[in-house]
Amino acid sequence: MNKYTCTSKVHKIPDVKHSVPEDWITVVANETLKPHTFIRDCELHIIMGNDNILKSLNFKHKGIDDATDVLSFNIEPIDDFVAVDDNTNLSSGIDDFIMPESVTGLVGEVIISVEKVISQSREKGISFDQELATLVIHGILHLLGFDHADDQDYQKMQKLADKAYSAVMNIS
């Protein structure tokens, strides 16, 4: 069993009027984080926002003047938290600590548009919780350093996403 863990904290901005299942988000986050080995305790924040916030952040950080469904922002370098196997392009930062191992660090934030969860779940014909799970998983995997820039990266990220999604759907 891993000595270190990464915990998630769910936040909802006041403008979001839709009910958000915080316990469900935590379950999804825990299943997504489960296969990864952490080299120090950490936390990540999942923020339930709206299209206006996602549009503003998308423009500020990516230069895209449009709302999106999910954005992820690392606060501290991911290799300060996650031990990675030799099959990825990430490396362990176990010798790079600035903060003592005993101090919990903040990996980053995943910001999700509740409005997009609603509209995309309707478009796909799935439940709100299923679409929310997809976006939470996707956002967390980005925080952990996974991407879909090319086909090989996409396949690796999708395999982890499918595994986490299957696990949470079996729990529900």
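Starting afresh in each chain, residues are numbered from 1 along the sequence in its written order. It should be noted that, the model being predicted, local features are given only for residues of pLDDT at least 70 and side-chain atom pairs only at 80 or more, the latter also being counted only at that level, while totals for whole chains, interfaces and linings use all residues. Side-chain measures were taken over the full set of non-hydrogen atoms in the model, leaving aside hydrogen atoms and water.

*Asks:* Can you help me understand helix α1 (residues 22–33) in this one?
*Replies:* Side chains that are three or four residues apart share a direction in an α-helix, a result of its 3.6 residues per turn. Secondary structure elements follow DSSP: runs of H or I no shorter than four residues count as helices, runs of E no shorter than two count as strands, and numbering proceeds from the N terminus. Helix span is expected to be 1.5 Å times the residue number reduced by one. Under the 1.5 Å per step criterion, the end-to-end length of α1 is 16 Å for twelve residues, consistent within 8% with the ideal 16 Å. Residue contacts are counted whenever heavy atoms from the two residues lie within 4.5 Å of one another. Against the buried residues of α1 lie β1 (6–12), β2 (37–38), β3 (42–49), α4 (128–143) and α5 (151–171).

*Asks:* How do you make sense of the sheet that holds β3 when you look at a structure like this?
*Replies:* Each strand in a sheet pairs with its neighbour through backbone hydrogen bonds, running either in the same direction (parallel) or in the opposite one (antiparallel). The pairing criterion for strands is at least two bridges between them, as found by DSSP. If you trace the four strands from one edge of the open sheet to the other, you get β1-β3-β6-β4, paired in mixed fashion. Each of the sheet's edge strands pairs with one partner strand only, and the pair in question is β1 and β4 (70–74). Each strand of the sheet is rotated relative to its neighbour by a mean of 20 degrees, with strand direction disregarded. Of the pairings in the sheet, the one linking β4 to strand β6 (residues 105–113) comprises five bridges and is antiparallel in character. Paired with Leu71 across the strands is Ile111, a residue of β6. Geometry is summarised by axes, namely lines fitted to C-alpha atoms with helices restricted to the contacting stretch, and by angles between N-to-C directions that run from 0 to 180 degrees. In the packing of helix α3 (residues 114–124) onto the sheet, contacts are made with β3 and β6, and the angle to β6 comes to roughly 50 degrees.

*Asks:* I tried to follow helix α2 (residues 51–62) on my own but got confused; where do I start?
*Replies:* In this model α2 runs 15 Å from its N-terminal to its C-terminal C-alpha over twelve residues, within 8% of the 16 Å that 1.5 Å per residue would give. Among the residues of α2, Asp51, Leu54 and Asn58 are the ones counted as buried. Relative to the axis of α2, the buried residues are bounded by an arc of 65 degrees and lie together on one face. Seen from the open side of α2, the exposed residues pointing more than 90 degrees away from its buried face are Asn52 and Lys60. Lining the buried residues of α2 we find β4, β6 and α3. At the C-terminal side of α2, Gly63 shows a positive phi close to 75 degrees. Relative accessibility thresholds used throughout: buried, under 20% of the residue-type maximum; exposed, over 50%; partly exposed, between the two (1.4 Å probe, protein chains only). Arc definition: directions from the helix axis to the C-beta atoms.

*Asks:* Would you explain the packing of α1 against α5 in this entry?
*Replies:* For any two helices packed against each other, one specifies the inter-axial angle together with the distance between the axes. Relative to each other, α1 and α5 sit at 135 degrees, their axes nearing to 9 Å. Overall, the two elements α1 and α5 adopt an arrangement that is oblique. Regarding α1 and α5, the two cross each other, and that crossing is right-handed. Contacts between α1 and α5 pair Trp24, Val27, Val28, Glu31 and Thr32 from the former with Ala164, Ala167, Val168, Met169 and Ile171 from the latter. Reported orientations rely on four angle classes, namely roughly parallel under 35 degrees, roughly antiparallel over 145, roughly perpendicular from 65 to 115, and oblique for the rest. In a left-handed crossing the near helix is turned counterclockwise from the far helix by less than a right angle, and in a right-handed crossing that turn is clockwise.

*Asks:* Looking at this structure, I do not really get the pattern of salt bridges. What am I missing?
*Replies:* Opposite charge on two side chains permits pairing when their charged atoms draw close. Salt bridge, as applied in this entry: a Lys or Arg side-chain nitrogen positioned within 4 Å of an Asp or Glu carboxyl oxygen. One pass over the full model with this rule turns up six salt bridges. The closest approach of N and O atoms between Glu43 and Lys9, which form a salt bridge, is 3.4 Å. Taken together, the residues Glu43 in strand β3 and Lys9 in strand β1 connect sequence positions 34 residues apart. Judged by relative accessible area, which is 16%, Glu43 ranks as buried. You can call Lys9 partly exposed: its relative accessible area is 39%. Here Glu76 ties to Arg40 by a salt bridge, and the two come within 3.8 Å at their closest N and O atoms. You can see Glu76 sitting in the loop between β4 and β5 (82–83) and its partner Arg40 sitting in the loop between β2 and β3, a full 36 residues away along the chain.

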